[in-house]
Amino acid sequence: MWPLGSIYDFIFDALALGTFITEWDEGRVVCNTLLATKESARMYAERLAELAQRLGFDGWLEDFPKSSAILAGDRNYDVYMGIDVFGRGTYGGGQWNTKVALDVLKHSSVSAAIFAPGWVYETKQEPDFRTAQNRWWGLVAKSWGLVQKNPRTLPFYSNFDQGVGRHIFVEGKLVYNNSWSNISCQSMQPVLGVDVDAAKSAIQVLVKITIMNIFTGRSSGSLHFQTGTRIESFKEAKNLIPGDLSFNEPSYSGAQTIMLTGRLEDDHYFMALLFCGEVLLSDMPIHVSYSVQLKHNSLLGLALEFQSISNKRSMILLAPEGRFSSDKVAATGEVDGANELPRKFDAIMPLQVNSLSTQSDTMTKWILNECSLEMPGHTLQNIYVVSYKEVSAPENAGPTLTSSTNYHALLGHITIRTSMKNMTFPPGNAWAFEGEDLFWSSSPEGIKTISVKLVWRLEAESSESRPLYTRFNIYVRKLVGGPDEDITGQEEYLGAARVEAFYVSALAVEPNVTYLRFILQVCAADGTVGKLADAPVLLVAVPR
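Residues numbered from 1 in each chain as written. Predicted model: local features only at pLDDT ≥ 70, side-chain atom pairs only at ≥ 80, totals over all residues. Heavy atoms only, no water.

A tally of helices and strands in the protein yields nine helices and 29 strands. Accessible surface for the protein amounts to roughly 27900 Å². Of this, 52% is attributable to carbon and sulfur atoms. (Helix = DSSP H or I, 4+ residues; strand = E, 2+ residues; numbered from the N terminus. Areas by Shrake-Rupley, 256 points an atom, 1.4 Å probe, with all protein chains shown as cover.)

The next subject is the packing of aromatic side chains. The final tally for this structure, using the stated rule, is 13 aromatic pairs. Consider the rings of Trp136 and Trp137, whose centres lie 4.8 Å apart with planes at 85°: the pair is edge-to-face. The partly exposed category is assigned to Trp137, whose relative accessible area is 36%. Judged by centre distance (5.0 Å) and plane angle (80°), the ring pair of Phe156 and Phe275 falls under edge-to-face. Of this pair, Phe156 sits in strand β5 (residues 156-158) while Phe275 is found in strand β14 (residues 270-280), placing the two residues 119 residues apart along the sequence. (Phe/Tyr/Trp six-rings, centres within 6.5 Å; stacked < 30°, edge-to-face > 60°. Buried < 20%, exposed > 50% of the residue type's maximum accessible area, 1.4 Å probe, protein only.)

We now examine the confidence of the model for the protein. Reading fine detail from the predicted coordinates is not recommended where pLDDT is low. Here the protein shows a mean pLDDT of 77. Residues at 70 or above account for 74%. Within the model, the stretch residues 195-247 combines pLDDT values under 50 with 156 contacts to residues more than four positions away or in other chains. Of the regions scoring below 50 in pLDDT, residues 326-339 engages in 18 contacts with residues more than four places distant in sequence or in other chains. (pLDDT = per-residue confidence, 0-100. Contact = heavy atoms within 4.5 Å.)

When two helices pack together, their arrangement is captured by the angle between the axes and the distance separating the axes. Between helix α5 (residues 98-105) and helix α7 (residues 129-144), whose axes approach to 9 Å, the crossing angle comes to 20°. Judged by the angle between their axes, α5 and α7 are roughly parallel. Classified by chirality, the crossing of α7 by α5 is right-handed. When α5 is examined against α7, the residues Thr98, Lys99, Leu102, Asp103 and Leu105 are found in contact with a partner set consisting of Trp136, Leu139, Val140, Lys142, Ser143 and Trp144. (Axes fitted to C-alpha atoms, helices over the stretch in contact; angles between N-to-C directions. Parallel < 35°, antiparallel > 145°, perpendicular 65-115°, else oblique. Left-handed = near helix turned anticlockwise from the far one by under 90°.)

Another point: the environment of Gly377. Here Gly377 is to be found in the loop between β20 (367-373) and β21 (379-389). On the basis of relative accessibility, which here comes to 24%, the residue Gly377 falls in the partly exposed class. Expressed as a C-alpha distance, the spacing of Gly377 and Ile309, which sit 68 residues apart in the sequence, is 6.7 Å. Once residues within four sequence positions are removed from consideration, Gly377 is found in contact with Leu280, Leu281, Ser282 and Ile309.

Looking now at the sheet that holds strand β27 (residues 501-509). In spatial order, the strands read β23-β24-β27; together these three strands make up an open sheet with antiparallel pairing. In this open sheet, the two edge strands, each paired with only one partner strand, are β23 (431-442) and β27. Strand-to-strand twist of the sheet, defined as the mean angle between neighbouring strand axes without regard to direction, takes the value 20°. Sheet analysis places strand β24 (residues 448-458) next to β27, joined by seven bridges and oriented antiparallel. Looking across to β27, one finds that Thr449 is bridged to Ala508. (Pairing = 2+ DSSP bridges.)

Let us look at the pattern of salt bridges. Think of it this way: side chains of opposite charge can pair up when their charged atoms draw near. Tallied over the entire structure, the rule returns nine salt bridges. Put simply, Glu46 and Arg47 hold a salt bridge, and the shortest N to O gap is 3.7 Å. The exposure class of Arg47 is partly exposed, given its relative accessible area of 37%. Across the salt bridge formed by Asp84 and Arg88, the nearest N and O atoms sit 2.6 Å from each other. Classification of Asp84 as buried rests on a relative accessible area of 10%. (Salt bridge = Lys/Arg side-chain N within 4 Å of Asp/Glu carboxyl O.)

Residues Leu274, Leu300, Phe306, Leu318, Leu373, Leu411 and Ile414 are the most contacted members of the largest nonpolar core, which totals 35 residues. Mapped onto this core, the elements with two or more residues apiece are β13 (258-263), β14, β15 (286-295), β16 (298-307), β17 (313-319), β20, β21 and β22 (406-417). With 24 residues, the next largest nonpolar core counts Ile474, Ala497, Val540 and Val542 among its residues. (Core = buried A, V, L, I, M, F, W, Y, C linked by side-chain atoms within 4.5 Å.)

This paragraph deals with helix α3 (residues 38-55). Along its 18 residues, α3 runs 26 Å from first to last C-alpha, staying within 8% of the 26 Å computed at 1.5 Å per residue. Of all the residues in α3, the buried ones are Ser40, Leu48 and Ala52. Taken down its axis, α3 places every buried residue within 110° of arc, on the same side. Of the residues in α3, the exposed ones pointing more than 90 degrees away from the buried face are Lys38, Glu39, Arg42, Gln53 and Arg54. (Expected span 1.5 Å × (residues − 1). Arc of directions from axis to C-beta.)

A word on the environment of Ser184. Along the chain, Ser184 falls in the loop between β9 (180-181) and β10 (193-194). Residue class for Ser184 comes out buried when judged on its relative accessible area of 6%. A sequence separation of 23 residues divides Ser184 from Asp161, and the C-alpha atoms of the two residues are 10.0 Å apart. Here Asn182 takes part through its side chain, which lies 2.7 Å from a polar atom of the side chain of Ser184. (Polar contact = N/O pair within 3.5 Å; in protein donor to acceptor, adjacent residues only side chain to side chain.)

On to the pairing of β14. The element β14 is largely enclosed, with a buried count of nine among its eleven residues. In terms of strand pairing, β14 meets β21 through eight bridges, oriented antiparallel. Directly across from Val279, in β21, lies its bridge partner Leu380.

Here the focus is unusual backbone geometry. Looking along the chain, the bond that leaves Glu126 and enters Pro127 is cis, with omega of 0°. Looking at the secondary structure, you find Pro127 in the loop between α6 (119-122) and α7. A cis amide bond, omega 5°, links Asn150 with the succeeding residue Pro151. The residue Pro151 is located in the loop between α7 and β5 in this model. Despite not being glycine, Lys124 has its phi angle at roughly 55°, a positive value.

So, on to the state of the cysteines. Note on terminology: a disulfide is the covalent bond linking the sulfur atoms of two cysteines. Going through the model one piece at a time under the given rule, you end up with zero disulfides. Distance from the sulfur of Cys523, which forms no disulfide, to the nearest cysteine sulfur (Cys185) is 9.8 Å. (Disulfide = S-S within 2.5 Å.)

So, in structure tokens, the structure goes:
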């Protein structure tokens, strides 16, 4: 059965399926009972459907799909043929040969469901988990191709979070600095494919785009692209070569960051595919924002690919003012004497750049880039990241700035929405924020602990408002004296939830603490985060 964290995280059009499996001779007896008559088969099917509906998942994976496919009729693709990665009774033997069964099913009349892909981890495949994991899923992708497209609706938001990490940031602020795992925190994952342009000659490259802060803390949390990939360039291409990698790179939101690092000549550039989407746009403008950190004279833009009703494709580059100045391109058609990159795009849209850095030790220096554009009737398809260099150095820059080929950029998040303004949140008193099943205990040393189930709901909630709030961050502030006095000076981050409940287990409370103020930070589907000062609060008195 699926844990709740997985069920409620299926926000990417993926199905959560329970497993109904019967094995060996005992299983044959069970199947004979279930399928003895049409009436018994229907009765058991109804009971399974009721169980799935009650527990909130989408259906069942059964181990007798041939019969199911026949019964399904024209819904045969709703029947999933199971493939056991461990290879137990699986055509092709599973494991590294799982692709063999997938190749057959791709041309059959049923869909495929992969059972126990944790084989890679459980059997400790060489050389390490992350490398083996990427290789195994790469074989699956090679067989099955890219089936689902995301994004398909707006707003779209991704901070690339994988649901594990060694720290947590909220809008550039460090709120938690320890290892953690919560699969419900996963965000939309990027494709991370190197852009291929048939007009260019193939260049053998090794590109290392690192998803930072994998739970193990090792540099194996990297994705490799080697041989057969292509890089765009103005002149002879210089590859992006991996530089020194630090596991402790900061994040803008959550725990992960896309890092592009290595060497890049001033007149070269690099493109990688992030997302393959299918969003039909209305007459409303779309607003794009993304956060970056840059070193040396590195720059990072986004490229959006659209398709019109007449199937005409167009590519628009969103780039900071400077090297690709829209005025300069319009007037001369050239940029710094090298205009091959601008010619790849049908338009270059300048970005509004805002610095998000502060003097706080818990804040990191992020830059927020924003842009608005109108493409009515078009379909937003591919989203690329574009790496290039700032050729013109600032007046106070040192002599090594323009001559350096070092490139380093972090991409913290991407948001695409139809509203220019950030989401507005109901006031804190509009929420019912309560504690259930509260339990106190004390150690021999006099340290109290509290366990409590926190639940909340929006009062007078409309059906339109519920999908807007997709995540909740939970904090606690420990108070001494009166309910407004502070012992720690800041909130302590406890965790995040996708559902309207969070269980606090054995939270330690120091002897001089008199009140606990639990704080609920509401987050919207577009990544907007509510202010803690306006958040719902639950005050709990510490027993003396």
